[in-house]
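# Secondary and tertiary structure notes
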Amino acid sequence: MRLQDVLYSQGFGTRRICAGLIQQGMVAVQGSVLTDPAADVATPGLHFAVQGRDWMFHDKAYLMLHKPAGTECSQKPSTYPSIYTLLPPPLRQRPQKSAVQGVQAVGRLDQDTTGLLLLTDDGQFIHRMNSPRHHVAKVYEVTTKHPLDDSQARRLLDGVVLDDDPQPVRAAACEIAGQHHLRLTLTEGKYHQVKRMLAAVSNRVEALHRSRIGALSLPADLAPGQWRWLSETDLAALRA
Ligand code: URA
């Protein structure tokens, strides 16, 4: 692929801007500065640097973010900063593939929810992960206002009716991990679902953290606000 097209595909700006960066000597490939925008480079495993910042070529972008509290999963947030400001600009500017430009969150978390959030520019992946048909399990660590008891857990497993749909929604799994700590597994993602399910059993969510999606857990060493690329192993865990 031409070097100019590599940069363009990875979100470094228009083709003209990318050509300019290369001609000005700001792009190094495997450690050597290249100044020809048409230089032919092999993309699998390609490492390059733009203005001193290392980058790795990804045909499609798949990443995880440890969403901090007080951030909105929206490109146009109303009150809190957008999660997208936590990502480097190239990830937000990757050229449009299918319907999406840049990486997009796979589903949304509330502004006060923390934890594992996936982002990608692969529209099919987003669809698959969000589709209730695929039953991708999402595990939430719920801190409750009132003490938990077995009857609340039983009702969450049997199904509770939320205000916008007569069909009951059920937890796929529900473990009382402490007096005020519930580990709840859901395979669908309705608006404010955990908070509304807990309200339906006369309790209240004080804090909410997503710890796992499918077989992928939030790594203990990924601090709030940090992101990282998903590895092939992570992707296999999600597709399993
Ligand atoms: N359920 C909620 O109520 N909020 C979230 O952020 C995620 C699931």
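Right, let's walk through the structure included here.

## Digging into the environment of Thr-144
- With respect to the helices and strands, Thr-144 occurs in strand S8 (residues 138-144).
- Exposure remark for Thr-144: the relative accessible area of 2% places this residue in the buried category.
- Each C-alpha atom of the pair Thr-144 and Glu-206 lies 5.2 Å from the other, and the pair is 62 residues apart in sequence.
- Not counting residues up to four positions away in its chain, the partners in contact with Thr-144 are Gln-179, His-180, Leu-198, Asn-203, Arg-204 and Glu-206.
- Here the side chain of Thr-144 touches His-146 through a polar contact of 2.9 Å, landing on its backbone oxygen.

## Some thoughts on the pattern of salt bridges
- According to the stated counting rule, one finds 13 salt bridges in the structure shown.
- Residue Arg-183 pairs with Glu-141 through a salt bridge whose shortest N-O separation is 2.9 Å. Of the two residues, Arg-183 sits in strand S12 (residues 181-186) while Glu-141 sits in strand S8, which places them 42 residues apart along the sequence.
- Relative accessible area serves as the criterion here: at 26%, Arg-183 is assigned to the partly exposed category.
- A salt bridge links Asp-164 to Arg-196; the shortest N-O distance between them is 3.3 Å. Taken as a pair, Asp-164 in the loop between strand S9 (160-162) and strand S10 (165-169) and Arg-196 in helix H6 (residues 193-200) lie far apart in primary sequence, 32 residues in all.
- One network of salt bridges, in which partners are shared, links Arg-2, Asp-5 and Arg-15.

## Observations concerning the packing of helix H4 (residues 123-130) against helix H7 (residues 232-239)
- Where H4 contacts H7, the two axes come as close as 11 Å, and the packing angle between them is 45°. Considering their axes alone, H4 and H7 lie oblique with respect to each other. On H7, the residues touching Phe-125, Arg-128 and Met-129 of H4 are Leu-235, Leu-238 and Arg-239.
- Class assignment of the residues belonging to the contact of H4 with H7 gives a composition of four nonpolar, no polar and two charged.

Criteria and cut-off values
Residues numbered from 1 in each chain as written. Predicted model: local features only at pLDDT ≥ 70, side-chain atom pairs only at ≥ 80, totals over all residues. Heavy atoms only, no water. Helix = DSSP H or I, 4+ residues; strand = E, 2+ residues; numbered from the N terminus. Buried < 20%, exposed > 50% of the residue type's maximum accessible area, 1.4 Å probe, protein only. Contact = heavy atoms within 4.5 Å. Polar contact = N/O pair within 3.5 Å; in protein donor to acceptor, adjacent residues only side chain to side chain. Salt bridge = Lys/Arg side-chain N within 4 Å of Asp/Glu carboxyl O. Axes fitted to C-alpha atoms, helices over the stretch in contact; angles between N-to-C directions. Parallel < 35°, antiparallel > 145°, perpendicular 65-115°, else oblique. Nonpolar A, V, L, I, M, F, W, Y, C, P; charged D, E, K, R; others polar.

As far as function goes, none of this settles anything; it's purely spatial.
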